[in-house]
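In case you want the letters, here they are:
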Amino acid sequence: MFLFLYGTVALGQAYPPADKQATPETRQLYSSMQRLVGSGVIFGHHDDLAYGVGWRGDKDRSDIKSVTGSYPALYGWDLSGIERDSSKDINSIPFKQQREFVKEVYERGGINTFCWHLNNPVNGKTAWDTSQNTVRQIIPGGANHEAYVIYLNRVAQYIKTLKGDEGEPIPILFRPFHELTGNWFWWCKNTCSADEFKALWRFTIDYLRDVKKLHNLLIVYSVADFNSETEFLERYPGDAYADVVGFDSYCRNPVIFPKEFEKRVAMTETIATQHHKLGAVAETGYDLIPQPDWWTSTLLPILSKYKLSYLMVWRNAGLKQYFAPYPGQASADDFNRFFKSGRILFQNGISNQDIYGKHLLKK
């Protein structure tokens, strides 16, 4: 086991994944991520390799790489669409291509994370449909439970195709039911009780692990905005069902955001330490990044004070929506300073870390 520094725990052994049958590569990734805490915050970008501002599908392209010379260290993807047996995800990336991206990331020593904007299993509408008491209807004993099981079967079938060169399952950070403390998805707090939500979460993870035998998942519990540790943990399914705890929070008011963001980062670090989990900012960003020094004046000072595992900014959909700079964007120079600060880890900072233990495992 690696030794690490995390919160108030010093020079202790790395704690294992919640899944006691996790694959060797998955266990090694989790240990490596703990080892890296304190060395810097891993930086991620959603859909980074698939498209960016002014391009789509270009080989070996990334807006992050175009600005800094390095890819991000963590790459976000979406499973949405696979439950409907679609050939493309919610952002029109063919799953065949997404699979290739996931393998590419793994082979270069990067980290893959998946969210899932799954359609409402009760009526087939989008994840944003809150017209039904969906959670109650799809947990065990619910009228539409089998419809949800079909969704899970399709997800499991796809995840089983994510393999490395030697046929090993590629470890992924799986982030289901994100932003659960909000009110905009069918699984949010306005549509179900805390007990119903926990039942859904536990069934989902148990089914994927125990029935579908997926042991390459590190589970991410990610809330929306919150104001107390009690609110954060109200729907927490338990330590046996999570490996990472984090939150999603976007800058919509540059005056208010820094104070609120730091408060939530501090609480997340505390909760992660107490529960022996990794802490993360699972989604953040400032749409169109109108503040030229936002990266070093707002994000960097906060990230430098706390021991988080990673932070991921949302996607670059085009000139009308982007959360990372591209060449010539107003904050691009500042992002380079952010990149060179020594406190943020990009792909060039983790490629030599052997985070999956591939050399060790092959001995």
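Residues numbered from 1 in each chain as written. Predicted model: local features only at pLDDT ≥ 70, side-chain atom pairs only at ≥ 80, totals over all residues. Heavy atoms only, no water.

Enquirer: Describe the environment of Thr113, and please don't skip the residues or the numbers.
Expert: Inspection of the secondary structure assignment puts Thr113 in strand E7 (residues 111-115). Since its relative accessible area comes to 4%, Thr113 is described here as buried. Sequence separation of Thr113 and Leu173 is 60 residues, and the distance between their C-alpha atoms is 4.4 Å. In this view, Thr113 contacts Leu74, Tyr75, Gly76, Trp77, Leu173 and Met312; residues no more than four positions away in its chain are not counted. (Helix = DSSP H or I, 4+ residues; strand = E, 2+ residues; numbered from the N terminus. Buried < 20%, exposed > 50% of the residue type's maximum accessible area, 1.4 Å probe, protein only. Contact = heavy atoms within 4.5 Å.)

Enquirer: Can you tell me about the nonpolar core, naming the residues and giving the values?
Expert: Formed by 119 residues in total, the largest nonpolar core has its most connected members in Phe43, Trp77, Ile111, Tyr148, Trp187 and Phe338. It is helix H5 (residues 145-159) that provides the largest number of residues to this core, a total of 8 residues. (Core = buried A, V, L, I, M, F, W, Y, C linked by side-chain atoms within 4.5 Å.)

Enquirer: Talk me through the pattern of salt bridges; I want residue IDs and the actual numbers.
Expert: In the structure shown here, the tally under the stated rule is 12 salt bridges. When the shortest N-O distance is used, the salt bridge between Arg264 and Asp225 registers 3.5 Å. Taken together, the residues Arg264 in helix H8 (residues 257-275) and Asp225 in the loop between strand E9 (217-223) and helix H7 (229-233) connect sequence positions 39 residues apart. The exposure class assigned to Arg264 is buried, which follows from its relative accessible area of 6%. As a salt-bridge pair, Glu262 and Lys305 come within 2.5 Å of each other at their nearest N and O atoms. Pair noted here: Glu262 is in helix H8 and Lys305 is in the loop between helix H9 (294-303) and strand E12 (310-313), with a separation of 43 residues, a long-range link. Classification of Lys305 by relative accessible area gives exposed; the value is 53%. Each member of the salt-bridge network shares a partner with another, and the members are Arg175, Asp248 and Glu283. (Salt bridge = Lys/Arg side-chain N within 4 Å of Asp/Glu carboxyl O.)

Enquirer: Go over the pairing of strand E3 (residues 41-46), please, and point to the residues and values.
Expert: The buried fraction of E3 is high, at 6 of 6 residues. Where E3 and strand E13 (residues 344-345) come together, 2 bridges link them in parallel fashion. Each bridged residue has a counterpart across the sheet, and for Val41 the counterpart in E13 is Ile344. Relative to E12, E3 is paired through 4 bridges, and the arrangement is parallel. The residue of E12 that forms the bridge with Ile42 is Tyr310. (Pairing = 2+ DSSP bridges.)

Enquirer: I'd like a description of unusual backbone geometry, backed by residues and values.
Expert: Phi at Asp47 is positive, roughly 55 degrees, even though this residue is not glycine. Tracing the sequence through the fold places Asp47 in the loop between E3 and strand E4 (51-52). A relative accessible area of 0% means that Asp47 is categorised as buried. Positive phi values are uncommon outside glycine, yet Phe177 reaches one of about 50 degrees.

Enquirer: Give me the lowdown on the packing of aromatic side chains, citing residues and values where you can.
Expert: The final tally for this structure, using the stated rule, is 36 aromatic pairs. Here the aromatic rings of Phe185 and Trp187 are separated by 4.6 Å at their centres, their planes lie at 25 degrees, and the arrangement is stacked. Judged by relative accessible area, Phe185 falls into the buried class, the value being 2%. Note on Trp187: relative accessible area 0%, which makes it buried. Ring geometry for Tyr221 and Phe232: centres 5.7 Å apart, planes at 65 degrees, overall edge-to-face. With a gap of 11 residues between them, Tyr221 in strand E9 and Phe232 in helix H7 connect regions that are remote in the sequence. Like Tyr221, the residue Phe232 is buried in the burial classification. It is Arg108 that lies over the ring of Tyr71; its NZ or CZ is 3.8 Å from the centre. (Phe/Tyr/Trp six-rings, centres within 6.5 Å; stacked < 30°, edge-to-face > 60°. Lys NZ or Arg CZ within 6 Å of the ring centre and 35° of its normal.)

Enquirer: So, the packing of H8 against H9: which residues are in play, and what are the values?
Expert: Remark: H8 packs on H9, axes separated minimally by 9 Å, with the N-to-C direction vectors making an angle of 30 degrees. One element, H8, and the other, H9, form an angle in the roughly parallel class. In this structure, H8 crosses over H9, and the sense of that crossing is right-handed. Every residue of H9 that contacts H8 at Phe257, Pro258, Phe261, Glu262 and Val265 is listed here: Trp294, Thr298, Leu299 and Ile302. Broken down by class, the residue content of the contact of H8 with H9 amounts to 7 nonpolar, 1 polar and 1 charged. (Axes fitted to C-alpha atoms, helices over the stretch in contact; angles between N-to-C directions. Parallel < 35°, antiparallel > 145°, perpendicular 65-115°, else oblique. Left-handed = near helix turned anticlockwise from the far one by under 90°. Nonpolar A, V, L, I, M, F, W, Y, C, P; charged D, E, K, R; others polar.)

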